[in-house]
Amino acid sequence: MRGRHEEPIPAARPVIGEHEIEAAVRVLRSGAVVQGPEVAAFETEFSALVEGRHCVAVNSGTSALQLTLMGLGIGPGDEVVVPSFSFAATANAVRLVGAEPVFADIEPGSFCLDPDAVAAAVGPRTAAVLPVHLYGHPAAMDRLLPIAERHGLAVVEDACQAHAAALNGRPVGTFGAAGCFSFYPTKNMHSLEGGMITTADAELARTLRLLRNQGMEQRYANEVAGANMRLTDVAAAVGRVQLGRLPVWTEQRRANAKLLDSRLTGLHTPPVADGAHHVYHQYTVRVPGNGRPDRDCLQKALASRGVGSAVYYPTPIHRLKAYRGEEGAQARRWDLPETERASAEVLSLPVYPTLTGAELERVVAAANALGGLL
Ligand SMILES: *Cc1c(COP(=O)(O)O)cnc(C)c1O
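Residues numbered from 1 in each chain as written. Predicted model: local features only at pLDDT ≥ 70, side-chain atom pairs only at ≥ 80, totals over all residues. Heavy atoms only, no water.

Asker: Help me out: how do you make sense of the site of the ligand in this one?
Answerer: The environment of the ligand is made up of 14 residues, and the closest members are Gly61, Thr62, Gln161, Ser182 and Lys187. At 2.7 Å from an oxygen atom of the ligand is found a side-chain nitrogen or oxygen belonging to Ser182. Lys187 places a polar side-chain atom, nitrogen or oxygen, 2.8 Å from an oxygen atom of the ligand. Among the elements of the structure, helix H3 (61–71) and helix H4 (89–96) are those that each provide at least two residues to the shell around the ligand. (Near = heavy atom within 4 Å. Polar contact = N/O pair within 3.5 Å; in protein donor to acceptor, adjacent residues only side chain to side chain. Helix = DSSP H or I, 4+ residues; strand = E, 2+ residues; numbered from the N terminus.)

Here it is, written out as structure tokens:
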């Protein structure tokens, strides 16, 4: 039972501290509030996370994905291979540029795209593959890149949940033509709203800078039809504060995950592939249900003990209304057994860096008491 003085533990706890508030006020007082010096500094500082790649700040992770696909010239008639086991934004970005997402299954050992399934999904219209580093675990880039190369596909990394994750020592956001990060409040670091595109390609970086600002480099000399996806300097200033704390926060997430790994009984703890540096955006266990709603029961029981948890994602993208197509019509049929199984079994427990030791103990105690009853 929850003690009388114990506050519920939320599933996520975004940080907006005094440093963030001071930074925002400083920018507001300066008057330079949109795509000014703070944005430029944020881009420069973020590039240290991605081996000095060009960084282009935008107003969200979704914008980062959409702008990148635009910049790569992907549009109507093109297909992009994506996982269905992700946040809808991954597929939305594809649709927003007029292309079609093609859903491929995931590997049970990482919850990320299965390279064999990607190879099988490639057809004559396939222009790109969009792996997601889900939950902060890097996708199998070492096996995806050769497939993309063989078929001449662009690789765009959805790194929205994976700031500072790495595979075999190489950071995410450096593998593909571009990497896309989100700074939404619940992510490993935030800028209120915001996003970043990382790329080694100077030409692509210039195109992205044009496209995020109405197609202008010089004011009122629009070179192409662009969007307005600019980041504010208030957001960038908050992002810079958070970026400075990211290394400590990442280590704290990893330490929390290690403690949960060693103490949880009766649940399948998160898999980590060989060579993967997992940054635990989420700490996601499996609650195998054999067709019974054990996962949902566990979530409710945890909540009654003051332990928040969340299901990412209860409905795979291909079964969402926006993507499942008309009943009976030419709707494409998808065979994604690992995706279906994951969406029925996963549950994410609190792992964020501001959890106290006592809170972690409460998560462990509640999960172990309940997990054993399933
Ligand atoms: C959060 C997220 C996005 C979108 O980022 P926003 O900043 O919310 O637009 C895209 N893909 C994944 C996997 C995400 O988790």
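Asker: How should the sheet that holds strand S2 (residues 79–83) be read in this particular structure?
Answerer: Picture the strands of a sheet paired through backbone hydrogen bonds; they go either parallel or antiparallel. The strand order across the open sheet formed by seven strands is S1-S9-S8-S5-S4-S2-S3, and the pairing between neighbours is mixed. Each edge of the open sheet carries a strand with a single partner, namely strand S1 (54–58) and strand S3 (100–104). The sheet shows a mean angle of 25° between the axes of neighbouring strands, direction not considered. Helix H7 (residues 202–212) contacts S1, strand S8 (178–182) and strand S9 (195–199) of the sheet and is inclined by roughly 15° relative to S1. (Pairing = 2+ DSSP bridges. Axes fitted to C-alpha atoms, helices over the stretch in contact; angles between N-to-C directions. Contact = heavy atoms within 4.5 Å.)

Asker: Looking at this model, I keep getting lost on helix H1 (residues 18–30). Mind explaining?
Answerer: Because each turn of an α-helix spans 3.6 residues, side chains separated by three or four positions in sequence point in the same direction. Between its terminal C-alpha atoms H1 stretches 18 Å, which fits the 18 Å expected from 13 residues at 1.5 Å a residue. Turning to H1, its buried residues number three or more, namely Glu20, Ala23, Ala24 and Val27. Down the axis of H1, the buried set is contained in an arc of 95°. They therefore lie on one face. Residues of H1 that are exposed and point over 90 degrees away from its buried face: Glu18 and Arg29. On its buried face, H1 is in contact with helix H2 (37–46) and helix H8 (233–263). Downstream of H1 by a residue or two, Gly31 has a phi angle that is positive, lying close to 85°. (Expected span 1.5 Å × (residues − 1). Buried < 20%, exposed > 50% of the residue type's maximum accessible area, 1.4 Å probe, protein only. Arc of directions from axis to C-beta.)

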